[in-house]
Amino acid sequence: MSISNSPRVGFLQPLNKVGQEESSIPKILLSKGLNVVGRNCIPVTDKRLSRKHLSINVASDGSSEVSVEGTNPVVLRTKGERKKLLSGEKWKIEDGDIIELIPGHYFFKYVASGGEKNEKLMSNKQKRCWDEESSYSKDRVRNKKRINGESELEPLAEQSKKKWFENNGKETDKSSEGIRQFNVPNSKLPSTFRLLRVQGLPAWANTNTVSINDVIQGNVILAILSNYMVDIDWLLSACPLLKKVPNVLVIHGESDGILEYMKRKKPASWILHKPPLPISFGTHHSKAMLLVYPQGVRVVVHTANLIHVDWNNKSQGLWMQDFPWKDNNGASKGCGFESDLIDYLTMLKWPEFNVDLPALGSYSIKPSFFKKFDYTSAVVRLIASVPGYHSGSNLKKWGHMKLRTVLQECTFSEEFQKSPLVYQFSSLGSLDEKWMLEFASSMSAGVTRDKKPLGVGEPLIIWPTVEDVRNSLEGYAAGNAIPSPLKNVEKAFLKKYWAKWKANHSGRCRAMPHIKTFTRYNGQNLAWFLLTSANLSKAAWGALQKGNSQLMIRSYELGVLFLPSSIKPGCGFSCTDIAKSSDDNGGLQKSSETKRMKLVTLNWQGDQTEVIQLPVPYELPPKPYSREDVPWSWDRHYAEKDVYGQVWPRQVKLYACQDS
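Residues numbered from 1 in each chain as written. Predicted model: local features only at pLDDT ≥ 70, side-chain atom pairs only at ≥ 80, totals over all residues. Heavy atoms only, no water.

Trainee: Residues and numbers for the sheet that holds strand S31 (residues 543-545), please.
Mentor: Each strand in a sheet pairs with its neighbour through backbone hydrogen bonds, running either in the same direction (parallel) or in the opposite one (antiparallel). The 3 strands lie next to each other as S23-S32-S31, forming an open sheet whose pairing is antiparallel. Two strands in the sheet have a free side with no partner beyond their single neighbour: strand S23 (388-391) and S31. On average, adjacent strands in this sheet sit at an angle of 30 degrees to one another, irrespective of strand direction. Strand direction decides the pairing type here: S31 and strand S32 (residues 550-553), joined by 3 bridges, are antiparallel. The residue bridging Leu544 from the neighbouring strand is Leu551, located in S32. (Pairing = 2+ DSSP bridges. Helix = DSSP H or I, 4+ residues; strand = E, 2+ residues; numbered from the N terminus. Axes fitted to C-alpha atoms, helices over the stretch in contact; angles between N-to-C directions.)

Dropping the structure here:
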């Protein structure tokens, strides 16, 4: 994970209730600028403790201010007084002050630079890892160098990487490099998705992958960026084109501390908006972009937060398609994709704003603005979640009930009767067997061509093991983005579901998954495939209540559903390459317009002209866990060192916040 290159100015020392140093929890190191403290750096399962519980802003003059970001109060013990700070309140802190993250629980002493313990730590910073309390022998310690969130790897990690590839022949066996053959013509690109480029992988593993600059490109005149986490420093440096876009709306899920930092750092014309969260423990988790061009709009749905590690170090997926402006005569009709998109955008409730689009005129930017584009060439369907208690006509509009409704309208090949399901994601909610059956019923909807129900499929959950995380490109730090506690992971009924993350054919065995996918398959054939922001949780997908008449959802999510379908005229339209757009539109044959293309994986063998290949990064069928495999949970202690010589827990910093 990215580490700020700002100088260290102190740390939070964990204490027990009697004021003694607590060795089971690592120190939280502080840099100049904004520091976020919460469950991301304190591996506990107490839901009263938010991931972004409080922030500590260290100014250039050395003064520090704490701000409560979560909903629960924080207690500050300073100068012999005990002061309770409520959500949104701020207070100056000094060396020796004690913070109770929850009143009476989780004690931390603030040690500023110059304190006795901090001086000792500073004097040894070249000999030990900043992120661990225990010292290691010199040959096991990796000195860290971070520039804009990128790491310079020590020989220990490089040797481990080389040894791993040598011991896993499938990773370098040319016959298994399925992604090397993933070359899709422009006319078919909207019918599939692509993986994000990963640093440190062999070139073949990044065949036809994308980076953020492959997505946000060209003459963008309006951008709406929707995400959960937004590192504005990284975003503007990784995609400088955004500085030139005249109108940008960022829809985010950040807490107040990060939001204040974003307000200070953003270009003046940017608008920031956090959608309402009416039900506790909900988040704005959707990851999407709407990029408006003089030629049309680019719709992007993906799985990566707007932070460095998500776009460089992890297995991620992205779908996008360009759509033209509708004819001025208004002859273009709406479609399911359009209505789903407008319904979802309406629920975000962003403040309307007016813009002047060059050569196009003045517009009020509200959800209905996006009805001006022609989506009839869309092949995918949108599957969204929005928070609320949904009943009546809205019951089947969101979450897993929306997926159930769409699948019920589809016909599938007989080979998918009773065929298995795969759930693959990066965070596991608190589940029970009743809800798992409810969810599987939605995932199993649909009929064969002779109208026979497909039947409920047996699911497997693809989830990294502890060894997967330990040996990954990021080491244990990758586990910070797989944030499921032991109490969720070790439920007895889940044991029958666990399957390994194996990604030899895509070269991503060591790129831990942040991608979320759900599918029904038979061999290398796919009945359907969903790429989404939604993890496996009731908060994301919803849970039926009141005799199945109401669906309760806590969070915002967005995904795209791939179904067997024909390649529609206009699929090759491009907002950024007019020549390719013209060629692709004219190159479709009547047979390809009418014949239904089936969905297959990269390992499928056969005639490529009648299929849509999806770069599913993991192997099908999944391999169940062995007796030795242990599913990763992020609140356990792991003493065996990872590829960087580190143990877990450790501090992981996600934002590249610079000096204020």
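Continuing now.
Trainee: Quick rundown of unusual backbone geometry? Include the residues and the values.
Mentor: The linkage connecting Leu620 with the following residue, Pro621, adopts the cis geometry, with an omega of -5 degrees. Positionally, Pro621 belongs in the segment after strand S35 (611-613). Omega for the bond connecting Trp648 with Pro649 falls within 30 degrees of zero, at 15 degrees, which places this linkage in the cis form. Mapping Pro649 onto the fold places it in the segment after S35. In this model, Asn208 sits at a positive phi of 55 degrees, which is unusual for a non-glycine residue.

Trainee: Can you break down the packing of aromatic side chains residue by residue, with the values?
Mentor: Inspection of every chain in the model, using the stated rule, returns 29 aromatic pairs. Here Tyr423 and Phe439 contribute two aromatic rings whose centre-to-centre distance is 5.1 Å and whose plane-to-plane angle is 75 degrees, an arrangement assigned as edge-to-face. Of this pair, Tyr423 sits in strand S25 (residues 421-424) while Phe439 sits in helix H10 (residues 433-443), and the two are 16 residues apart along the sequence. By the burial criterion, Tyr423 is buried, and Phe439 matches it. Seen in terms of ring centroids, Trp435 and Phe439 are 4.9 Å apart; in terms of plane orientation they differ by 15 degrees. Their pairing is stacked. Here the residue Trp435 and the residue Phe439 both occupy positions in helix H10, the gap between them amounting to 4 residues, near one helical turn. For the pair Trp435 and Phe439, a shared accessibility class is recorded, and that class is buried. Through successive ring pairs, a cluster of aromatic residues spans Tyr423, Phe425, Trp435, Phe439, Trp463, Trp498, Phe518, Trp541 and Tyr625. (Phe/Tyr/Trp six-rings, centres within 6.5 Å; stacked < 30°, edge-to-face > 60°. Buried < 20%, exposed > 50% of the residue type's maximum accessible area, 1.4 Å probe, protein only.)

Trainee: Give a detailed account of the sheet that holds strand S18 (residues 296-302), specifying residues and quantitative values.
Mentor: Reading across the sheet, the 7 strands line up as S13-S19-S18-S17-S14-S15-S16 and stay open at both edges, with mixed pairing between neighbours. Pairing within the sheet leaves two strands with one partner each, and these edge strands are strand S13 (194-195) and strand S16 (270-273). With respect to the sheet, helix H8 (residues 336-348) is in contact with strand S15 (248-251), S16, strand S17 (288-292), S18 and strand S19 (317-324), its orientation differing from that of S19 by roughly 110 degrees. (Contact = heavy atoms within 4.5 Å.)

Trainee: Can you lay out the nonpolar core for me, pointing to particular residues and giving the numbers?
Mentor: In terms of nonpolar packing, the biggest core is built from 170 residues, with Phe370, Tyr423, Trp528, Leu536 and Trp541 touching the most fellow members. Beyond its immediate sequence surroundings of up to four residues, Trp528 is in contact with Leu403, Leu407, Phe412, Leu421, Met443, Phe518, Thr519, Arg520, Leu561, Phe562, Leu563 and Leu599. Formed by 25 residues, the second largest nonpolar core is a distinct cluster that contains Leu54, Val68, Leu85 and Leu101. (Core = buried A, V, L, I, M, F, W, Y, C linked by side-chain atoms within 4.5 Å.)

Trainee: Tell me about empty space enclosed by the protein, residues and numbers included.
Mentor: This model, assessed by the stated rule, comprises 6 cavities of 30 Å³ or more. Taken as a whole, the largest cavity spans an internal volume of roughly 180 Å³. Around the largest cavity, the lining comprises 17 residues; the ones closest to its centre are Asn35, Val36, Val652, Lys653 and Leu654. Of all the secondary structure elements, the ones that give two or more residues to the lining of the largest cavity are strand S2 (28-31) and strand S3 (33-37). The greatest single-element share of the lining of the largest cavity, amounting to 4 residues, is contributed by S3. When the residues that make up the lining of the largest cavity are grouped by side-chain class, the tally is 12 nonpolar, 3 polar and 2 charged. Here the second largest cavity is characterised by a volume of approximately 110 Å³. At the level of elements, strand S14 (222-226), S17, S18 and H8 are the ones that each hand at least two residues to the lining of the second largest cavity. (1 Å grid on protein atoms, 1.4 Å probe; cavity = no way out; pocket = protein on both sides within 12 Å on 5 of 7 lines; lining within 4 Å. Points joined across faces, edges and corners; volume = space filled by probe spheres on them. Nonpolar A, V, L, I, M, F, W, Y, C, P; charged D, E, K, R; others polar.)

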